[in-house]
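Residue strings, one per chain:
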Amino acid sequence: MFKLHALAVVGVVCVFSGCASGPSESGSGQATAGQDAGSRSTVALTDRSPLDARVAVLTVNGLGCPLCAHNVDNKLRTVAGVEDVRVDLGTGEVTVSLAELIRPSAADFHKAVTDSGFTLRRIELR
Amino acid sequence: MNFRRCLVCAAIGAALPVCSTHAQEAINTPAATQPAKGKVYLRQQLRFVRFGSDPSDLDRDIDQVTFLNRIALGLTGSLSLSLDVPLTYRDTDRPGPGNDDTHFGVNDLTLMAKWRFWQEDLGPVDTIRFAALAGLMIPTYDDDYSTDGFSPIIGGVMTTVLGRHGLNASARWTFTTDSRRDPVMPGQGKADLLNYDFAYLYRFAPEAYSETQTDAWYGVIELNGFYETNGDHQLLFSPGLMFEARTWAAEIGVQLPIAQDLDRRPEMDWALVVGLRFLF
């Protein structure tokens, strides 16, 4: 009986641990860039150089609801060089199609997401 | 009640442009969310209140319809300014022949700044947020509705979204500087007012969001309280339903008193609230 109770306690702890992610970095930028497997690469959020890709995938946290998602959608569309924005509330991924000649920077996206009231975690280029 | 005047009110209200991104804001409870920087959003809400027994000497029987129009401007990503403009129609029956009257006018305005000072975004939709509120009630000097006084407001609000669950909690204190001889609503008498609100939202559908899932249904349960320093106290139970799409949202709810101890203004029997929010 004791083992069952202990298992239940461990199970509850695991469930609540899964409900929250790591430490908050609200408003802060990721300082390093890197290379993912395959053809994706990540970009430092403070980088001001034009993005060298036609598609950028932003991972945004705190979207809350469908109307919230449209808020960030609206804001990203005001960034010069953005042609299209698609938001996946399930994953927090915001897929941004970029123009051929005008390319925004990672810092431009970071500012737009922050001005929308959300947290930008990562930018991947495809 | 004059039904034709109500239709006119409804038509005026429906003609006003509406949009809002106060997502996760419940029907009657504020949220620690605000429009993006540089964006202007509007929210519109129609509230019908049937008042009950009037403990004052006036012995009034009142029905009231209010169109609340809220305009909000995002000043930064965490600071916004909003203005509430309530259009009110009231039908008042008093004892004796010829004492009934109806009035249409503008209730006192509310200018409110909201500063989100703490935020932790835990996942794609999960978030915990705290915001401070500071505002001012601005008199319209309407003969029938205004208190004729500028009344400061301070307060705070918390919002959390964890999966399908949302919680909002808010407290606001109004320092009333003037009053009406015949108060009907909280805050119109010679007393400071504490508004305290709690809201729980549950997302019925979808079970999980996806790129193609662009709308959601919520059930809402709220407790909305009013405490005045003259001793009047009122607590309302407010269940409701919300539908939220990418660019608009609709809401409907009722308010039922579960505790009322009022000596200076009429008690509420019930209220019906419907609203629309659009995002352009």
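Provided above is the structure to which this section pertains.
Residues numbered from 1 in each chain as written. Chains lettered and ligands numbered in written order. Predicted model: local features only at pLDDT ≥ 70, side-chain atom pairs only at ≥ 80, totals over all residues. Heavy atoms only, no water.

Caption draft 1: Quick peek at unusual backbone geometry. Residues and elements named next belong to chain B. With an omega of 0°, the peptide bond running from Ala205 to Pro206 counts as cis. Inspection of the secondary structure assignment puts Pro206 in the loop between β9 (193-205) and β10 (216-228). The backbone phi angle of Tyr141 is positive, close to 60°, even though this residue is not glycine. Along the chain, the position of Tyr141 falls in the loop between β6 (127-138) and β7 (151-162). Phi angles above zero are rare outside glycine, and Asp148 is one such case at about 65°. The topology assignment puts Asp148 in the loop between β6 and β7. (Helix = DSSP H or I, 4+ residues; strand = E, 2+ residues; numbered from the N terminus.)

Caption draft 2: Main features of the interface of chain B and chain A. Each side of the interface is counted separately: chain B has 38 residues, and chain A has 36 residues. Across the chain B to chain A interface the summed buried area is about 2,800 Å²; carbon plus sulfur atoms make up 50%. Joining chain B to chain A, the criterion identifies two salt bridges. Where chain B packs against chain A, one counts 16 residue pairs in polar contact (both at pLDDT 80 or more). Elements with a minimum of two residues in the side of chain B that touches chain A: β5 (109-121), β6, β10 and β12 (248-261) of chain B. It is β5 of chain B that contributes the most residues to the side of chain B that touches chain A, four residues altogether. Looking at the side of chain B that touches chain A, its residues break down into 16 nonpolar, eleven polar and eleven charged. (Contact = heavy atoms within 4.5 Å. Buried area = accessible area lost by both parts, 1.4 Å probe. Salt bridge = Lys/Arg side-chain N within 4 Å of Asp/Glu carboxyl O. Polar contact = N/O pair within 3.5 Å; in protein donor to acceptor, adjacent residues only side chain to side chain. Nonpolar A, V, L, I, M, F, W, Y, C, P; charged D, E, K, R; others polar.)

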